[in-house]
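# Residue-level structural notes
One letter stands for each residue in the lines below.
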Amino acid sequence: MTFEKTPGWLDWYAGPSKPAFQVPPGAVDAHCHVFGPGHLFPFAPERKYTPCDASKDQLFALRDHLGFARNVVVQATCHGADNRAMVDALKASQGKARGIATVKRSVTDAELAEMHEAGVRGVRFNFVRRLVDFTPRDELMEIASRIAPLGWHVVIYFEAVDLPELMDFFTALPTTVVVDHMGRPDVTKPVDGPEFALFLKFMREHANVWSKVSCPERLSVTGPRALNGERVAYRDVVPFARTVVEEFPDRVLWGTDWPHPNLKDHMPDDGLLVDFIPHMAPTPELQRKLLVDNPMRLYWPEE
């Protein structure tokens, strides 16, 4: 089967630079994806976009180039609840990748057990309306109650403006909760303003809530972009990310978000994205927690 990319789709950046920042040994890229390849793993009929192919081999080559040791592969919305491409990547990783699945209420216990054996350690609930159709909350809660005994967690993707409406649901989830990309704060608003304060309160009052401090390229308004050798990129995002890292050093994760789905205006150089890390995690101790200790505790606790 062949697929035509969505018009205007930006392909991932070929030939990324070598980061100036050397990540600590054992570092984990805790948020990335695989797309297809479409002829092997067809995209879901209900998808809202058709991406370029981005294979497991290309992901692992990027991991090695950037100096990371492991990946956490998050199921992409273009594959819906068909987790085969993600699971295939985990099985090929020789234990160096864990996964986050998308499942429906109809998933069987045997299917969950099979995914666990492959390395899946969580499910993702997406509340970004332009990317997915709405799933009833009672169905999501049922799924959460079924995966909690496996030691899995729930990854939640939402936009800052929707947090007040979703807060009660999030705080009722019966397991660890990991927020994608700091809940997508509006970085044109003050870092000490009420919208971001609510997100910090959410983390402060609920010790089971973690946050990824990833995707400055999605959040930035003024840049500069991680392109053409720019090693101090996305400066308007730094105060938000640094606030989260410094207040919650034991509950933060970072990932490339490769291959950067649905970016509209530019495609970052992943090597320069790695150089963003020391601006939000300025000390070796914070860097080690962010990139090694925290993801290992969450995804490879047996080690």
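Read on for a plain summary of the structure.

Definitions and cut-offs
- Residues numbered from 1 in each chain as written.
- Predicted model: local features only at pLDDT ≥ 70, side-chain atom pairs only at ≥ 80, totals over all residues.
- Heavy atoms only, no water.
- Helix = DSSP H or I, 4+ residues; strand = E, 2+ residues; numbered from the N terminus.
- Pairing = 2+ DSSP bridges.
- Contact = heavy atoms within 4.5 Å.
- Axes fitted to C-alpha atoms, helices over the stretch in contact; angles between N-to-C directions.
- Salt bridge = Lys/Arg side-chain N within 4 Å of Asp/Glu carboxyl O.
- Buried < 20%, exposed > 50% of the residue type's maximum accessible area, 1.4 Å probe, protein only.
- Arc of directions from axis to C-beta.

## So, unusual backbone geometry
Geometrically, the link from Gly223 to Pro224 is a cis peptide bond, its omega value of -5° lying close to zero. Among the structural elements, Pro224 can be located in the loop between helix 7 (216-219) and helix 8 (238-247). Cis geometry marks the peptide bond from Trp258 to Pro259, where omega comes out at 0°. Position of Pro259 among the secondary structure elements: in the loop between strand 8 (252-253) and helix 9 (270-274).

## Re the sheet that holds strand 2 (residues 70-74)
Here we have eight strands laid out as an open sheet, ordered 1-2-3-4-5-6-7-8, and parallel in their pairing. The open sheet terminates on both sides in strands that have one partner only, identified here as strand 1 (28-32) and strand 8. One ladder, built from four bridges, connects strand 2 with strand 3 (residues 97-101); its direction is parallel. If you follow Val74 over to strand 3, its bridge partner there is Ile100. Relative to strand 4 (residues 120-126), helix 4 (residues 137-147) is tilted by about 170°, and along the sheet it contacts strand 4 and strand 5 (153-157).

## Observations concerning the pattern of salt bridges
According to the stated counting rule, one finds 23 salt bridges in the structure shown. The partner of Glu303 in a salt bridge is Arg70, and the shortest N-O contact between them spans 2.9 Å. A residue pair is termed long-range when its members are at least 10 positions apart, and Glu303 in the segment after helix 11 (284-299) and Arg70 in strand 2 qualify at 233 residues. By relative accessible area, which is 61% here, Glu303 ends up exposed. In this structure, Asp275 engages Arg231 in a salt bridge whose closest nitrogen and oxygen atoms are separated by 2.2 Å. Remark: Arg231 occurs in the loop between helix 7 and helix 8 and Asp275 occurs in the loop between helix 9 and helix 10 (277-280); sequence separation between them is 44 residues. Judged by relative accessible area, which is 4%, Asp275 ranks as buried. A network of salt bridges, in which partner residues are shared, links Arg105, Asp138 and Glu142.

## Comments concerning helix 3 (residues 109-118)
Residues lying three or four places apart along an α-helix face the same way, a consequence of the helix completing one turn every 3.6 residues. Burial in helix 3 covers these residues: Leu112, Met115 and Ala118. Axial view of helix 3: buried residues confined to an arc of 120°, hence all on one face. Exposed and facing more than 90 degrees away from the buried side of helix 3 are Asp109, Ala110, Glu114 and Glu117. The elements touched by buried residues of helix 3 are helix 2 (84-92), strand 3, strand 4 and helix 4. Immediately downstream of helix 3, the backbone of Gly119 shows phi near 120°, a positive value.

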